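Overview (structure and organization)
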Amino acid sequence: MGRKVVIQKVDLDTALCAFLLGVGRGDEVLVVRDKAAPEDLANPEVLCIECGGSGEVEKGNFDHHDTEKPLPPACLQAFQYLSQKDLKLSENLALRELVEYVAILDTQGPKALEERAGKPDFPTLSHVFSGMLLCTKDPKEQLFRGIEIFELVLERKISPFGKMPELLEWREYIAAKRESLEAVKKAVESAEFFQTRGGLRAAFVEAEVPGVLGALYEMGAQVVIAYCQKFGNPPVPKYTIGGNGVRVDGLKPYLAELEEGWGGPAHGTILGSPKGGSKLPPKKIKELVCQHL
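On a predicted model such as this, the values are computed, not experimentally measured, just so you know. (Residues numbered from 1 in each chain as written. Predicted model: local features only at pLDDT ≥ 70, side-chain atom pairs only at ≥ 80, totals over all residues. Heavy atoms only, no water.)

**Here's the deal with the nonpolar core**
The condition is simple: The criterion is simple. A nonpolar core is a set of buried Ala, Val, Leu, Ile, Met, Phe, Trp, Tyr and Cys residues joined through side-chain atoms within 4.5 Å. For every residue, the accessible area (1.4 Å probe, protein chains only) is compared with the maximum for its type, and the residue is labelled buried under 20%, exposed over 50%, or partly exposed between those bounds. By definition, residues are in contact when any of their heavy atoms lie within 4.5 Å.
Leu 16, Phe 62, Leu 143 and Trp 170 are the most contacted members of the largest nonpolar core, which totals 49 residues. Sequence-distant contacts of Leu 16, defined by excluding residues within four places in its chain, comprise Cys 75, Leu 98, Val 99, Val 102 and Phe 150. With 20 residues, the next largest nonpolar core counts Phe 194, Leu 200, Leu 288 and Leu 293 among its residues.

Structure, rendered in structure tokens:
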């Protein structure tokens, strides 16, 4: 058995961080619902990715979400940390570009990616990755398959900012994402748009498919409330509040007065409801967004 690796959920940032740190199928991956155990966080031999809240990279802890201080994406932390030990790594332009792509998407959203490199045609690297998540239910397998996507990007010298080729290895993922986008298109037809007190165009949508935030951003929403009545296993009511280049973390104190457990990354453009589910009705969330953004 290889190293112990602790994660919460798999996304582009977590998977790229793991890839940079050399995580592979021979490692022991533990998926936790909340933070890693204190003994794992204190052990530099254990890799804890997005499950510690400290960003103490010298202890093997790479964190971007739910941190007390602003920290860069976990993949950027890993790249900078490893580059200090290996100067050749910092000179790897293809790897730097991959880290830049994920970091921009994670902290600034799709609009910033378009400003950086224009709007690519379907499928993008994000599409391939999210399609993989749709096809793969086990979080450990999601991590390994995500790492394999990055391996192919570098091996085939594919620019992460452009249109992805429909590789045989990715056909299932691309087909799943294409089907998901059609479902998203139908879901956002029922979106409710409103204007906040601060003059922002906001939208509320109830949907069980991923991708509604990006779709509503493209429709002009600056803030989106996505609500899913049955999220995860076991299913719980879940809210995601996102801002397209707009900070939404100013809502945290108002939400905390009503319900503990709301949080998000330090860049402040995403807020998620408690991991155990939210008891707040949609009307209350819309009121808070309208009044305080």
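**Description of the sheet that holds strand 1 (residues 4–7)**
Put simply, the test is: When DSSP finds at least two bridges between two strands, those strands are taken to pair. Per the convention used, a helix needs a DSSP run of H or I reaching at least four residues, while a strand needs a run of E reaching at least two, with both numbered from the N terminus.
Pairing is parallel across the open sheet formed by four strands, whose spatial order is 2-1-3-4. Edge positions in the sheet fall to strand 2 (28–31) and strand 4 (61–62), since each of these pairs with one other strand and no more. Sheet topology note: the strand 1/strand 2 ladder contains four bridges and is parallel. Pairing of Val 6 across the sheet is with Leu 30, part of strand 2.

**Details of unusual backbone geometry**
Here the bond from Phe 122 into Pro 123 is cis, since omega is 0 degrees, no more than 30 degrees from zero. Relative to the helices and strands, Pro 123 resides in the loop between helix 6 (110–117) and helix 7 (125–135). The phi dihedral of Glu 50 falls on the positive side, at around 60 degrees, and the residue is not glycine. Phi is positive for Lys 157, which is not a glycine, with a value near 55 degrees. Looking at the secondary structure, you find Lys 157 in the loop between helix 8 (139–155) and helix 9 (171–187). Note on Lys 157: relative accessible area 74%, which makes it exposed.

**Description of the pairing of strand 6 (residues 201–206)**
Counted only if it meets this: Classification remark: right-handed applies to a crossover when, strands pointing away from the viewer, the course from the first strand over the helix to the second runs clockwise.
Here four bridges tie strand 5 (residues 192–195) to strand 6, and the two strands are oriented antiparallel to one another. Within strand 6, the residue paired with Gln 195 across the bridge is Arg 201. Linkage of strand 5 to strand 6, two consecutive antiparallel strands, is achieved through a turn of five residues, within which Gly 199 is found at a positive phi near 90 degrees. Inspection of the sheet shows strand 6 paired to strand 7 (residues 223–231) by five bridges, in the parallel sense. Among the inter-strand pairings, Glu 206 is bridged to a residue of strand 7, identified as Tyr 227. In this view, the connection linking strand 6 to its parallel neighbour strand 7 by way of helix 10 (residues 212–218) has right-handed handedness.

Shape descriptors only; they carry no functional weight alone.
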